[in-house]
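Understanding the architecture of this molecule
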Amino acid sequence: MLNVKELLSKVETRLYIDGEWREGAGGETYDVLNPATEEVLATMSSGTREDSVAALDAAHRARKEWERTAPRTRAEILRKGYDLLKERKEEFATIMTLEMGKSLTEARGEVDYGADYLLWFSEEANHFFGHTNQYPAKGNRMVTVHKPIGPCLLITPWNFPLSMATRKIAPALAAGNTVIIKPAKLTPLTMQYFVQTMIEAGVPAGVINIVSSRSAADVSEPIMADPRLRKMSFTGSTPVGSSLMELAAQNVLKVSLELGGNAPAIVFADADIDGAVEGVKAAKMRNVGEACTAANRILVHESVAEEFTRKLVDAISALKVGNGMDDGVEVGPLVEPKAVDHMEELVKDAVEHGGEVLTGGKRVDGPGFFFEPTVISGASTDAKVFREEIFGPIAPIFTFATEEEAWEMANDTEYGLASYVFSEDPDMMFRASDNLEFGIVGFNSGVVSDASIPFGGVKASGLGREGSREGMFEYTEVQHVGTRDPYQRVK
Ligand code: NAD
């Protein structure tokens, strides 16, 4: 195991603006806690409105040169970042576990997943072409180019501190944009260390800027009102995303929003029950249930509900809870005390709505913000565990009688990010795709994220896609250049 003190001493706690590390202009600070021990890991310099504007000044100045940097050069820097991330896998995983709580095994998985965005977009940087064609009714030719947008504000959540960063930063830089990053206050250390790593990989001054702050609005508001900012990409909760969308309207900023979810996991009567239990467990308990893709509502056909529930309870009650740094731990702490209060409130409300707690259901004594992995069945669909994003280790089971009812229950939410379907009927994959109002459908799979897929939601789950070729479009504008008919002057 790494020496934690030594590792933390390597992580910068200041802001990085215009190629230099500096204290926040207001001289204020905030602490970062370890949610498993409640110990202070670091004291961060807190960015102000003035710092945010300084970061935009730098990003605006650096934009032309970076735009004109050859795609291959940009690709090589991203590729170097990928290599460094892989080399430092254990360091990044440890920092993530310390500040966010997930197990080291999961944190290592996130380093691989997050690094893949650097690799993927280093390849896209070289292959992202426009096209030419002819007006259908005339000889005129047109050229369509994808241009960088300009300075981008990137706001990330605490639950995946590294991969939510690389998923935005890699395509933004690959396409030739400059960025101002605002990491989550609860987990800034991973992003700070990532920025240090990208500087070593060769990202020039002004192209990457980070303004960590205890006040998110101080960073976003002044620069979203400034016409030099051209793009805002946000991952986080739906209420914050929607208020940022209002702010973005002032200057008609291009916006990407990756927001909350309320994923259904539908288990049909013909499903491989053991496979479905594994898939649902992975989709539910990954990241302590603190994932936008987490299976929130487990909908099971009534004919297999008894067998499925029994097996899911066995699987979930066997999970080892503890400090994510300890060997064999599968479920770490929640990120902060109010998340534990929220779990308690959800369980109480589910029981009031007819639910029965089959395993777990209680907070675990501290230190640390722990809650037992929980399975509840029989609550009505008015319960909060059906209506709201749970964001913790509670698995509520509901039953259905017909396929039509399953689609209706699944779509009965304002969200539309991930969904899961378990069935041995291959036609079901297409019926699920036709009937589910979700951006992502996992078919017999509880894992749906990869750098190569277009990740994103519909309805209140957001706008736009991250990853894959689609991820580049979020950071480019299309320009059309029209020409006359090249034969018009030929006699
Ligand atoms: P959050 O909305 O509280 O915060 C997200 C980020 O926004 C943080 O950096 C925060 O500091 C910042 N922020 C908060 N208020 C702000 C404001 N007024 N102006 C500007 N920035 C502001 O969300 P969270 O609790 O960090 O993350 C959990 C949420 O994120 C869940 O709803 C989850 O579903 C969602 N999420 C979505 C995806 C996705 O890809 N769709 C991925 C991960 C998480």
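Quick caveat: nothing in here was measured; it's all calculated off a predicted structure.

About the cut-offs
- Residues numbered from 1 in each chain as written.
- Predicted model: local features only at pLDDT ≥ 70, side-chain atom pairs only at ≥ 80, totals over all residues.
- Heavy atoms only, no water.
- Near = heavy atom within 4 Å.
- Polar contact = N/O pair within 3.5 Å; in protein donor to acceptor, adjacent residues only side chain to side chain.
- Areas by Shrake-Rupley, 256 points an atom, 1.4 Å probe, with all protein chains shown as cover.
- Helix = DSSP H or I, 4+ residues; strand = E, 2+ residues; numbered from the N terminus.
- Nonpolar A, V, L, I, M, F, W, Y, C, P; charged D, E, K, R; others polar.
- Buried < 20%, exposed > 50% of the residue type's maximum accessible area, 1.4 Å probe, protein only.
- Pairing = 2+ DSSP bridges.
- Right-handed = clockwise from strand over helix to strand, strands pointing away.
- Axes fitted to C-alpha atoms, helices over the stretch in contact; angles between N-to-C directions.
- Contact = heavy atoms within 4.5 Å.
- Domains from an automatic or database assignment.
- Buried area = accessible area lost by both parts, 1.4 Å probe.
- Salt bridge = Lys/Arg side-chain N within 4 Å of Asp/Glu carboxyl O.
- Core = buried A, V, L, I, M, F, W, Y, C linked by side-chain atoms within 4.5 Å.
- Parallel < 35°, antiparallel > 145°, perpendicular 65-115°, else oblique.
- Left-handed = near helix turned anticlockwise from the far one by under 90°.
- Phe/Tyr/Trp six-rings, centres within 6.5 Å; stacked < 30°, edge-to-face > 60°.
- Lys NZ or Arg CZ within 6 Å of the ring centre and 35° of its normal.

**Description of the site of the ligand**
- Around the ligand lies a shell of 27 residues, among which T156, R167, K182, S237 and E389 are the nearest.
- In this structure, an oxygen atom belonging to the ligand sits 2.8 Å away from a side-chain N or O atom of W158.
- One of the side-chain N or O atoms of E258 is found 3.4 Å from an oxygen atom in the ligand.
- In isolation the ligand has 840 Å² of accessible area, and contact with the protein removes 84% of it.
- Secondary-structure elements contributing two or more residues to the shell around the ligand are helix 6 (163-174), helix 8 (216-224), strand 10 (231-235) and helix 9 (238-249).
- Counted by class, the shell around the ligand contains 15 nonpolar, eight polar and four charged residues.

**A few points about the pairing of strand 19 (residues 418-422)**
- Of all five residues making up strand 19, five are buried, and the element is well covered by its neighbours.
- Burial along strand 19 is two-sided: the residues A418, Y420 and F422 and S419 and V421 are all buried.
- Here strand 12 (residues 263-267) pairs with strand 19 via three bridges, running parallel. Within the sheet, the bridge partner assigned to A265 lies in strand 19 and is Y420.
- Between the parallel pair strand 19 and strand 20 (residues 440-443), the chain is carried across by helix 15 (residues 427-435), and the sense of this crossover is right-handed.

**Some thoughts on the sheet that holds strand 17 (residues 374-377)**
- Strands sit in the order 14-17-18-13-12-19-20 across an open sheet of seven strands; the sheet is mixed. The open sheet is flanked by strand 14 (356-359) and strand 20, the only strands paired with a single partner. Strand-to-strand twist of the sheet, defined as the mean angle between neighbouring strand axes without regard to direction, takes the value 25°.
- Strands strand 14, strand 17 and strand 18 (394-400) of the sheet are contacted by helix 12 (residues 337-352), whose axis makes an angle of about 25° with strand 18.

**Topic: the side chain of T413**
- By the secondary structure assignment, T413 is in the loop between helix 14 (403-411) and strand 19.
- Ignoring any residue separated from it by four or fewer positions in sequence, one finds T413 in contact with N262, R297, F438 and K459.

**Topic: the domain arrangement of the protein chain**
- Its domain assignment divides the protein chain into domain 1 (4-260 + 456-479) and domain 2 (263-412 + 418-443).
- Between domain 1 and domain 2, the C-alpha centre-to-centre distance is 31 Å.
- Listed per partner, the contact involves 25 residues of domain 1 and 28 residues of domain 2.
- Carbon and sulfur atoms make up 60% of the area that domain 1 and domain 2 hide from each other, which totals about 2200 Å².
- If you sort the residues of domain 1 by the area they bury against domain 2, P35, A36 and W158 come out on top, with a joint share of 21%.

**What to know about the sheet that holds strand 6 (residues 141-148)**
- What the three strands build is an open sheet, ordered 5-6-22; its pairing is antiparallel. At either end of the open sheet lies a strand with only one pairing partner, and these are strand 5 (131-134) and strand 22 (476-482). Neighbour-to-neighbour, the strand axes of the sheet open up by a mean angle of 25°, direction not taken into account.
- In this structure, strand 5 lies alongside strand 6, joined through four bridges in antiparallel fashion. Each bridged residue has a counterpart across the sheet, and for T132 the counterpart in strand 6 is V143.

**Overview of the pattern of salt bridges**
- Under the definition given, this model contains 34 salt bridges.
- The salt bridge involving E221 is made with R49; its shortest N-O contact spans 3.7 Å. Of this pair, E221 sits in helix 8 while R49 sits in helix 2 (residues 49-68), and the two are 172 residues apart along the sequence.
- Among the residues examined, E221 registers a relative accessible area of 34% and is labelled partly exposed.

**A few points about the nonpolar core**
- Ranked by internal contacts, the top residues of the largest apolar core, which has 64 residues, are I266, V267, F308, L312, I394 and Y420.
- Not counting chain neighbours up to four residues away, the residues in contact with L312 comprise V277, V280, K281, I298, A395 and I397.
- Core analysis: the second largest hydrophobic core is formed by 61 residues, L7, W21, Y30 and I95 among them.

**A word on the packing of helix 10 (residues 273-285) against helix 11 (residues 305-317)**
- Packing of helix 10 against helix 11 leaves a shortest axis separation of 10 Å and a crossing angle of 50°. On the basis of their axis angle, the class for helix 10 and helix 11 is oblique. Seen from above, helix 10 lies across helix 11 with right-handed handedness. Touching I273, D274, A276, V277, V280, K281 and M285 of helix 10 are E307, F308, K311, L312, A315 and I316, all from helix 11.
- Per-class residue counts for the contact of helix 10 with helix 11 are nine nonpolar, no polar and four charged.

**Describing the packing of aromatic side chains**
- Tallied over the full model, the rule gives eight aromatic pairs.
- Arranged with centres 5.6 Å apart and planes meeting at 65°, the rings of F268 and W407 form a pair that is edge-to-face. Of this pair, F268 sits in the loop between strand 12 and helix 10 while W407 sits in helix 14; the two residues are 139 residues apart in sequence, bridging distant segments of the chain. Each member of the pair, F268 as well as W407, is classed as buried.
- Considering the side-chain rings of F386 and F398, the 5.0 Å spacing of their centres and the 85° angle between planes classify their relative orientation as edge-to-face. Residue F386 is located in helix 13 (residues 384-387), and its partner F398 is located in strand 18; the two are separated by twelve residues in the primary sequence. As far as the burial class goes, F386 and F398 line up, both buried.
- Here the aromatic residues F268, F400 and W407 are joined through ring pairs into a cluster of three or more.
- Taking the ring centre of Y475 as reference, the NZ or CZ of K231 above it sits at 5.0 Å.

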